[in-house]
Amino acid sequence: MAHFAKPAEGSWTEHYPELGTGPVSYEDSISPDHYELERKAIFARTWLNVGRVEQLPRNGSYFTRELDAAGTSLVIVRGRDGEVRAFHNICRHRGNKLVWNDYPGEETSGTCRQFTCKYHGWRYATQGDLTFVQQESEFFDLDKDEYGLAAIQVGIWQGFICVNLNPDNTESLDDYLGEFGHEIAGYPFDQMTQVYKYRANVGSNWKLFIDAFAEFYHAPILHAKQATVDESRKLSDFGFEALAYKLDGPHGMVSSWGGMSPPKDLNMVKPIERILRSGLFGPWDHPQIDGLDVLPPAVNPARHPAWGVDSFVFFPNFMLLIWEPGWYLTYHYWPTAYNAHIFEGTCYFVPPKTASDRLRQELAAVTFKEFGLQDCNTLEATQTMLETRAVTHFPLNDQEILIRHLHKTAGEYVDAYKERQVRG
């Protein structure tokens, strides 16, 4: 018997009949040829979140972003006029990478008045204009106005900076984010500027890691040691059911119970959590800021009193988790090969006012790190066995609906790309 209400169809999956209920193939996660198609069909054509506006606190601030899946490097900068722009990180003279420090493959950030190429000294304004050419008179009819940095389409949603590498794109970021983007608007992201970030190279396909964080069915088992022994046993017996699922175009979300602060029984949590009043679900005491008393309509859509966290999967590789205690978390999955990607997890809190506040946040952040590591090595084990092709199709339950949706959506993008190629 279900613990929480399901749609009239009897299951969340059957509420979206286009998904089907049969076993699924993971060939899309183990095929090098399919990955090459995903690079062109998805990462070179969709809106990608590359950072937040807080990373560009003043005019001239910049950071770089390596996008292996799209085959490029970007510079994101706030120009002298205050506008945020993005450019391909390439000098227009001989194609040298323009912005880097000691190692060209590493991302960097800083503040400058202009960008100067390390190779021949060409300089560019933060708005992208070519401003200086070394020995300009040696060139033939060179018009500097024609050699500014190669610009990329930029959009900003709720402080999240997004880019679209498709020069023919006509879909705005707001339209792409759909109903979720509209109905999350107003959450106080801008007040949560205390950041803790983790980054790991993971030996699995990018979609497999999203699969792990798009369902909580595994949590009572894989993450059993995150709770006390007695609590872990109760969670395992109870299993997992979501409060709600929703699909919105290529995007999806799951709303979950849990994370009460403080817990009903302090014996449910470990001694360090009782002392600091914090843990995996974040600090127990809500920050005193505006915007948390009345949540946007997309957050806790069931308006359930046991609500703990909402996890939004913005296709292709951006996940946003909003926690009941008043903080949020982002996941990014940046492919580097068909069987490898860079995973980034970032925790955002209201800046601490006391040492105790800081310790509570750090406990939540390091607990999350352990949580993520448990998934990382499990997914590497999954990747190796999927590649054997000893088994080719796998059953999914109703709590794994977002997995069906992700792989179906990614496949549709690839199919549409192949069809365009055939049409020429």
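Residues numbered from 1 in each chain as written. Predicted model: local features only at pLDDT ≥ 70, side-chain atom pairs only at ≥ 80, totals over all residues. Heavy atoms only, no water.

Here we look at the environment of Ala5
Going by this rule: Helical segments are the DSSP runs of H or I of at least four residues, strand segments are the runs of E of at least two, and each set is numbered from the N terminus. A 1.4 Å probe rolled over the protein chains alone gives each residue an accessible area, and that area as a share of the maximum for its type sets the label: buried under 20%, exposed over 50%, partly exposed in between.
Among the secondary structure elements, Ala5 is positioned in the segment before helix 1 (12-15). Using a relative accessible area of 63% as the deciding quantity, one classes Ala5 as exposed.

Brief notes about the pairing of strand 4 (residues 72-78)
The following threshold applies: Note on pairing: DSSP must find at least two bridges between two strands before they are called paired.
The buried fraction of strand 4 amounts to 7 of the 7 residues, a majority that puts the element mostly inside the structure. Residue alternation in strand 4 divides its side chains into two sets, Thr72, Leu74, Ile76 and Arg78 and Ser73, Val75 and Val77, and both sets are buried. With 6 bridges connecting them, strand 3 (residues 61-67) and strand 4 associate as antiparallel partners. The residue bridging Thr64 from the neighbouring strand is Val75, located in strand 4. Linking two consecutive strands that pair antiparallel, namely strand 3 and strand 4, is a turn of 4 residues; a positive phi of about 70° is found at Gly71 within it. Bridging between strand 4 and strand 5 (residues 84-88) involves 5 bridges; their strand directions are antiparallel. Each bridged residue has a counterpart across the sheet, and for Leu74 the counterpart in strand 5 is His88. Linking two consecutive strands that pair antiparallel, namely strand 4 and strand 5, is a turn of 5 residues; a positive phi of about 90° is found at Gly82 within it.

Considerations on the nonpolar core
Applicable threshold: What we call a nonpolar core is a set of buried Ala, Val, Leu, Ile, Met, Phe, Trp, Tyr and Cys residues that are connected through their side-chain atoms within 4.5 Å. Residues count as neighbours in contact if any of their non-hydrogen atoms are within 4.5 Å of one another.
With 100 residues, the main nonpolar core has Ile184, Leu320 and Tyr331 as its most contacted residues. Residues within four places of Leu320 in sequence aside, it is in contact with Trp157, Phe160, Ile184, Phe189, Asp310, Ser311, Phe312, Phe314, Tyr328, Leu329 and Thr330. Val75, Phe87, Trp122 and Leu142 belong to the second-largest nonpolar core, a separate cluster that totals 16 residues.

Overview of the sheet that holds strand 17 (residues 327-337)
To keep it simple, the criterion reads: Orientation is described by lines fitted to C-alpha atoms, with helices fitted over the stretch in contact, and by angles between N-to-C directions that extend from 0 to 180 degrees.
Across the sheet, which stays open at both edges, the 7 strands sit in the order 12-18-17-16-15-14-13 with antiparallel pairing between neighbours. Two strands bound the open sheet, and with one partner strand each, they are strand 12 (194-202) and strand 13 (244-248). Recorded for the sheet is a direction-independent mean angle of 15° between the axes of neighbouring strands. Judged from the 6 bridges that link them, strand 16 (residues 318-323) and strand 17 form a sheet pairing that is antiparallel. When the sheet's bridge partners are listed, Ile322 is paired in strand 17 with Tyr328.

Regarding helix 9 (residues 401-423)
Formally: Take the residue count of a helix, subtract one, and multiply by 1.5 Å to get its expected span.
Over its 23 residues, helix 9 extends 33 Å from the first C-alpha to the last, a length consistent with the 33 Å expected when each residue adds 1.5 Å. Of the positions making up helix 9, those classed as buried are Ile401, Leu402, Ile403, Arg404, His405, Leu406, His407, Thr409, Ala410, Gly411, Val414 and Tyr417. Phi for Gly424, located one or two positions after helix 9, is positive at around 80°.

Details of the pattern of salt bridges
Note the cut-off: Salt bridge, as used here: a side-chain nitrogen of Lys or Arg that lies within 4 Å of a carboxyl oxygen of Asp or Glu.
This structure, assessed with the given rule, holds 20 salt bridges. With its nearest N and O atoms 2.8 Å apart, the salt bridge here joins Glu27 to Arg389. Here the residue Glu27 occupies a position in the loop between strand 1 (24-25) and helix 2 (32-43), and Arg389 occupies one in the loop between helix 8 (355-386) and strand 19 (393-394), the gap between them amounting to 362 residues. Residue Arg389 is classed as partly exposed on the basis of its relative accessible area, which comes to 38%. Measuring nitrogen to oxygen at the nearest pair gives 3.1 Å for the salt bridge that ties Arg423 to Glu419. With Arg423 and Glu419 both in helix 9 and 4 residues apart, this pair spans about one turn of that helix. In this structure Arg423 comes out as exposed when scored by relative accessible area, which is 59%. Each of Arg65, Glu107, Arg199 and Glu344 takes part in salt bridges that share partners, so that together they form one network.

With respect to unusual backbone geometry
Cis peptide bonds are those with omega within 30 degrees of zero, and the linkage from Phe315 to Pro316 qualifies with 5°. Secondary-structure assignment places Pro316 in the loop between strand 15 (307-314) and strand 16. The phi torsion at Gln135 lies on the positive side, around 50°, for a residue other than glycine. By the element assignment, Gln135 lies in the loop between strand 9 (130-132) and strand 10 (151-157). A positive phi angle, near 50°, is found at Gln158, a position not held by glycine. Residue placement: Gln158 occurs in the loop between strand 10 and strand 11 (160-164). Among the residues examined, Gln158 registers a relative accessible area of 29% and is labelled partly exposed.

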